[in-house]
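An overview of the molecular structure
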Amino acid sequence: MGSLSGSFQRRSRSTLRAHAGTEDRVDALLSSAPMGLAFFDANLHVERVNDAFREMLDAPGPDLEGRHVDEIPGLPSGLARAVACAFESGLPVDETELVVPVDGPIGTRRHYLARAFPVIAGGVVRGAGVTVVDVTNQRRGEAAIGLVVAASDLFASSPDVGDMVDRVVRLAIPLFADAVVLYLPDSGTELPTWTWAVSERTGGLQTGSGRMCPPELDVADAVDAALRRGRTLRVGAGEEQSPLDSASRSLIAAPLVTAGHVLGVLVFLNTHSARAYVPQHEPLADELAKRCADAIRNASLALSELRARNRLELLARVGELMTVELDSQARLDGITRLAVPHFADLAVVYLKQRDGSARLASFAHKDPEHDALFATLPEWPALEPGSAAPPMRAIAENRAVLVGDVGNRDLEPFLDDDAKREAAEQSDVQSMLAVPLATPEGAFGSLAFALIKRNYGADDVPLAGEIARRVAPALENALRFEQEHATAETLQRSLLPEHIGDSDSLELVARYRPAALGAKVGGDWYDVVTLPGERTLVVIGDVLGHGIHAAAWMSRMRTAFHVYALEGLSGAEILGRLNTYMTIAAGEEPTMASMLVADYDARTNSVRFANAGHLPPVLRAAPGDAELLSIAPGTPIGAVADATYEQTVAALAPGATLLLYTDGLIERRQEPLDEGFARLCDAVGAAPEELNRLVDTVVATVLDEANHEDDVALIAMRPRSR
């Protein structure tokens with residue numbers, strides 16, 4: 001018995017020692033396991049947990065044992081439900097990903113994969129277990145790769161550099177930053193210096209851009225430091241080694257380097273989340289900055305290529321515009337409309353006046369609503385000599401004037417009432433570029449361009465100057481011609497009879513139409529001379545050429561005609577005298593003229609025609625019956641020194657109508673003259689009986705009022721019944 005008892009005691013002590021050794025090994029296993037482990041009894045109270053599990057819960061110490069699964073601090077509710085489900089069902093629960101809410105960007109939040117399973121002994125579910133694997137590094141790598149891929153996708157996402165910049169500042173929010181600021185000091189005219197995006201506490205996103213960084217995101221010192229050092233700068237909240245005041249925020253400023261050139265700086269900030277950047281975040285910031293720099297450079301190169309094409313196209317279109325026969329106003333409006341929006345948001349032309357001031361001659365705005373608004377405003381004030389306004393300075397100094405950061409002093413000369421000031425505020429012009437419309441004698445005007453929320457650069461000045469250089473000669477010619485046109489028309493009208501009075505024997509109606517705008521005034525004229533013996537001389541003529549020269553010769557011919565007619569000469573004799581006069585008086589500048597004289601004799605109801613190269617008259621014997629009269633041709637006045645002229649006699653009964661006219665009435669480009677004659681005869685035949693209405697109807701029917709390129713004179717005569 002004693003030996004049996006001693007044997008049992010020896011086996012018990014051996015069993016206890018083995019059990020204790022197993023316990024030690026289990027404890028060592030739990031402590032050394034790379035994953036979190038937890039065991040729950042049948043009442044779902046904690047039996048055992050290891051340190052890795054406590055670390056996940058951020059709950060060190062042994063006070064977890066004995067707690068119910070629902071009472072464990074920090075345990076996600078989803079995992080507690082999974083433990084209960086595994087115990088009740090006796091089946092494992094699929095892996096659940098847990099994110100422990102630790103403040104911080106990528107690399108400081110903890111990610112776990114948890115799996116709950118039943119603990120079965122002897123076929124009976126005795127409790128439940130949990131394994132938790134830390135996948136933080138994996139998720140951090142995946143998130144970083146995702147950001148880098150997204151940054152790489154920017155390279156081909158959009159050719160619009162403005163859109164590209166907007167995408168850059170949005171990219172890392174909220175995964176890697178609360179706010180992102182992009183600084184591009186060499187962005188030229190297309191981009192603002194600062195662009196930013198800020199996440200709101202409510203989850204929204206605010207973006208902005210401008211010439212200055214907003215005070216609440218002031219990172220100018222960090223940007224300067226990063227540019228000076230030429231490498232990434234990290235500032236942790238409250239770090240003593242920080243060169244910046246960053247007590248309440250953490251940031252990383254990474255230079256944007258591509259192709260060996262520093263474009264600017266990309267700044268990542270943690271503000272309201274109180275997260276802090278650590279050294280492990282710097283490689284990711286560097287990589288994001290590099291990818292974004294490549295994308296911005298690619299978009300900028302594409303933009304530069306597009307701008308170059310647009311500028312070449314703009315110059316080509318300007319050249320084409322200047323070759324088209326347009327009046328000066330059409331050319332002025334064409335220039336400002338061509339410049340908007342490819343080269344300017346707003347374009348104007350100012351022309352110099354005789355008193356030295358300059359007045360607005362054309363205006364175009366990229367926004368149709370603003371264009372319409374400015375058009376409804378009262379007349380814009382003239383820019384006085386000595387004005388600081390860029391268009392006036394360009395004229396006075398005969399050079400390009402570039403103004404960045406346009407202020408009130410630059411705009412005040414344009415604004416003389418509240419309506420204009422309000423309109424100007426809506427446009428928000430930031431930069432202006434004015435170039436002179438120059439001639440060898442000086443500038444006769446200026447062409448001014450403006451940008452809204454952007455700046456012109458030095459490289460824009462040559463293009464503006466080239467536009468002005470191409471348009472200036474054509475504009476000057478058009479303006480000079482129109483001035484000459486107006487002078488010649490005034491002269492010509494003053495030289496034509498102010499009134500054609502009816503005689504006792506003839507009813508007379510005359511009309512004159514200057515050439516359509518864009519063509520030149522000619523030397524068309526008519527006159528009537530009443531002579532004794534019931535004779536009336538009606539003459540119509542056309543001096544070859546245009547402008548003041550033709551109008552002056554027309555005056556000479558009309559005066560000479562009067563002198564010769566009052567001598568009692570026949571029409572043929574008058575033409576002979578006029579031919580001799582023109583041949584001698586023209587000297588080394590030969591001039592010619594066509595002329596048709598109708599010598600009406602009321603006693604015989606007949607007309608003797610004398611023709612010097614003029615078009616045949618139209619006779620309307622009765623309504624609906626009009627024809628060209630066949631009369632003897634003759635040499636134009638001034639063509640041959642010893643020309644002679646014959647006479648053709650035709651009957652002109654009372655009530656019949658005779659129409660004399662110049663070639664501008666019927667001639668049209670690329671149309672045979674016979675068609676013009678036919679159209680004229682049809683119109684005369686179908687016109688009303690009353691003589692004024694007859695003439696006006698013929699003009700309206702036959703003449704192409706908008707496009708006729710020569711002036712027109714016509715005179716209708718009708719014998720009175722006795």
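From a predicted model like this one, the values you see are computed outputs, not experimental measurements. (Residues numbered from 1 in each chain as written. Predicted model: local features only at pLDDT ≥ 70, side-chain atom pairs only at ≥ 80, totals over all residues. Heavy atoms only, no water.)

Look at Ala259: it is not a glycine, yet its phi comes out positive at around 55°. Tracing the chain through its elements places Ala259 in the loop between β10 (250-258) and β11 (261-270). Although it is not a glycine, Asn605 adopts a positive phi angle of roughly 50°. Residue position: Asn605 is located in the loop between β20 (593-601) and β21 (606-612). Assessed through its relative accessible area of 27%, Asn605 is described here as partly exposed. (Helix = DSSP H or I, 4+ residues; strand = E, 2+ residues; numbered from the N terminus. Buried < 20%, exposed > 50% of the residue type's maximum accessible area, 1.4 Å probe, protein only.)

Further remarks concern the nonpolar core. Counting 30 residues, the largest nonpolar core has Phe343, Leu437, Leu447, Phe449 and Ile467 as its most contacted members. Among the elements of the structure, α7 (282-323), α8 (328-339), β12 (346-352), β13 (358-365), β15 (429-439), β16 (442-452) and α13 (460-495) are those that each provide at least two residues to this core. Ranked by residue count, the leading element in this core is α13, at seven residues. Once you skip the residues sitting within four places of it in the chain, Phe449 turns out to touch Ala339, Phe343, Ala344, Leu346, Ala347, Ser431, Met432, Leu433, Val435, Tyr456, Ala464 and Ile467. Judged by nonpolar contacts, the second largest core, of 29 residues, contains Trp525, Trp553, Ile574 and Ala586. (Core = buried A, V, L, I, M, F, W, Y, C linked by side-chain atoms within 4.5 Å. Contact = heavy atoms within 4.5 Å.)

What follows covers the packing of aromatic side chains. Under the counting rule described, the total for this entry stands at five aromatic pairs. Measuring from centroid to centroid gives 4.6 Å for Tyr183 and Trp194, while their planes differ by 40°, and the two rings are tilted. Here the residue Tyr183 occupies a position in strand β6 (residues 179-183), and Trp194 occupies one in strand β7 (residues 194-199), the gap between them amounting to 11 residues. Neither Tyr183 nor Trp194 differs from the other in exposure class; each is buried. Look at Trp553 and Tyr581: their rings are 6.1 Å apart centre to centre, the planes differ by 65°, and that puts the pair in the edge-to-face class. (Phe/Tyr/Trp six-rings, centres within 6.5 Å; stacked < 30°, edge-to-face > 60°.)

This next bit is on the pattern of salt bridges. Pairing is possible between side chains of opposite charge, provided their charged atoms come close. Across all of its chains, the model carries 18 salt bridges by this definition. Glu282 is the partner of Arg234 in a salt bridge, and the nearest nitrogen-oxygen pair spans 2.9 Å. Taken together, the positions of Arg234 in strand β9 (residues 233-235) and Glu282 in helix α7 put the pair 48 residues apart, joining distant regions of the chain. Asp294 is paired through a salt bridge with Lys290; the nearest N and O atoms lie 3.3 Å apart. Of the two residues, Asp294 and Lys290 are both situated in helix α7; the distance of four residues between them amounts to about one turn of the helix. Overall, Asp294 belongs to the partly exposed group, its relative accessible area being 21%. On the accessibility criterion, Lys290 (40% relative accessible area) is partly exposed. The network of salt bridges with common partners includes Asp51, Arg54 and Glu65. (Salt bridge = Lys/Arg side-chain N within 4 Å of Asp/Glu carboxyl O.)

Shape descriptors only; they carry no functional weight alone.
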